[in-house]
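Breakdown of the fold
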Amino acid sequence: MYPKFIIMAYPDRPLAGTFIYGKVYNHCDLAKGYGKVYGGGWYEKDDTRKTMLLYGASGDYGEPCLELLCRIPRSLKGYAFYYASDPDDRPQPLDLNSVEWI
């Protein structure tokens, strides 16, 4: 199993992407229910530093549309999120000021 994430929006809020992550074989295993997936990738979660590095692109859904990232699980509140298209690139911090913690 591999650490993967997707950004998924549901019909009641079609432009509010929810961050869904977990250890799965395929990105499509993370998509539960009816909705639209706006890309995905891989993650590295560091509980000591409270960081979440997102990188790459999903083979199932393509690159993540981070502009639609609006909802993140409350269990990750306090974590700094970063994104790099490649894990060897310098990651850029994501602005989480308007994120809803669910």
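Each remark here, short or long, concerns the structure printed above.
If you're wondering where the values come from, they're calculated on a predicted model, not measured in any experiment.

Turning our attention to the layout of surface pockets. Here the largest pocket defines a volume of roughly 170 Å³. Surrounding the largest pocket, L66, E67, L69, C70, L94, D95, L96, S98 and V99 form its lining. Residue classes in the lining of the largest pocket are distributed as six nonpolar, one polar and two charged.

Turning our attention to the environment of G62. Here G62 lies in the loop between β4 (51-55) and β5 (69-72). By relative accessible area, G62 is classed as partly exposed at 24%. When the C-alpha atoms of G62 and G78 are compared, they prove to be 27 Å apart, with 16 residues separating the residues in sequence.

Right, let's talk about the packing of aromatic side chains for a bit. Applying the stated criterion across every chain yields a total of six aromatic pairs. Centroid distance Y2 to W42: 5.9 Å. Interplanar angle 65°. Geometry classified as edge-to-face. One end of the pair, Y2, is in strand β1 (residues 2-10); the other, W42, is in strand β3 (residues 36-46), with 40 residues separating them in the sequence. With a centroid separation of 5.5 Å and an interplanar angle of 85°, the aromatic rings of F19 and F81 are classed as edge-to-face. Here F81 lies in strand β6 (residues 80-84) and F19 lies in strand β2 (residues 13-24), a separation of 62 residues in the sequence.

A cluster of nonpolar side chains, contributed by M1, Y2 and Y25, occupies part of the molecular surface with about 370 Å² of accessible area. Exposure remark for Y2: the relative accessible area of 41% places this residue in the partly exposed category.

Right, let's get into unusual backbone geometry. Located in the positive-phi region is K50, a residue other than glycine, with phi close to 55°. Note on placement: K50 falls in the loop between β3 and β4. Looking at K50, the relative accessible area reads 39%, which means it is partly exposed.

Looking now at the sheet that holds strand β7 (residues 92-93). Pairing is mixed across the open sheet formed by eight strands, whose spatial order is β7-β6-β4-β3-β1-β2-β5-β8. Each edge of the open sheet carries a strand with a single partner, namely β7 and β8 (100-101). Inspection of the sheet shows β5 paired to β8 by two bridges, in the parallel sense. In the strand pairing of β8, R71 is matched with E100.

To continue, consider the pattern of salt bridges. A complete count under the given rule lists four salt bridges for this structure. A salt bridge links D47 to K45; the shortest N-O distance between them is 3.4 Å. For the salt bridge of E100 with R71, the shortest nitrogen-to-oxygen distance reads 3.5 Å. Of this pair, E100 sits in strand β8 while R71 is found in strand β5, placing the two residues 29 residues apart along the sequence. Overlapping salt bridges bring together R13, R71 and E100 as one network.

Parameters at a glance
Residues numbered from 1 in each chain as written. Predicted model: local features only at pLDDT ≥ 70, side-chain atom pairs only at ≥ 80, totals over all residues. Heavy atoms only, no water. 1 Å grid on protein atoms, 1.4 Å probe; cavity = no way out; pocket = protein on both sides within 12 Å on 5 of 7 lines; lining within 4 Å. Points joined across faces, edges and corners; volume = space filled by probe spheres on them. Nonpolar A, V, L, I, M, F, W, Y, C, P; charged D, E, K, R; others polar. Helix = DSSP H or I, 4+ residues; strand = E, 2+ residues; numbered from the N terminus. Buried < 20%, exposed > 50% of the residue type's maximum accessible area, 1.4 Å probe, protein only. Phe/Tyr/Trp six-rings, centres within 6.5 Å; stacked < 30°, edge-to-face > 60°. Patch = residues over 30% accessible without salt bridge, like charges linked within 9 Å, V, L, I, M, F, W, Y side chains within 5 Å. Areas by Shrake-Rupley, 256 points an atom, 1.4 Å probe, with all protein chains shown as cover. Salt bridge = Lys/Arg side-chain N within 4 Å of Asp/Glu carboxyl O. Pairing = 2+ DSSP bridges.

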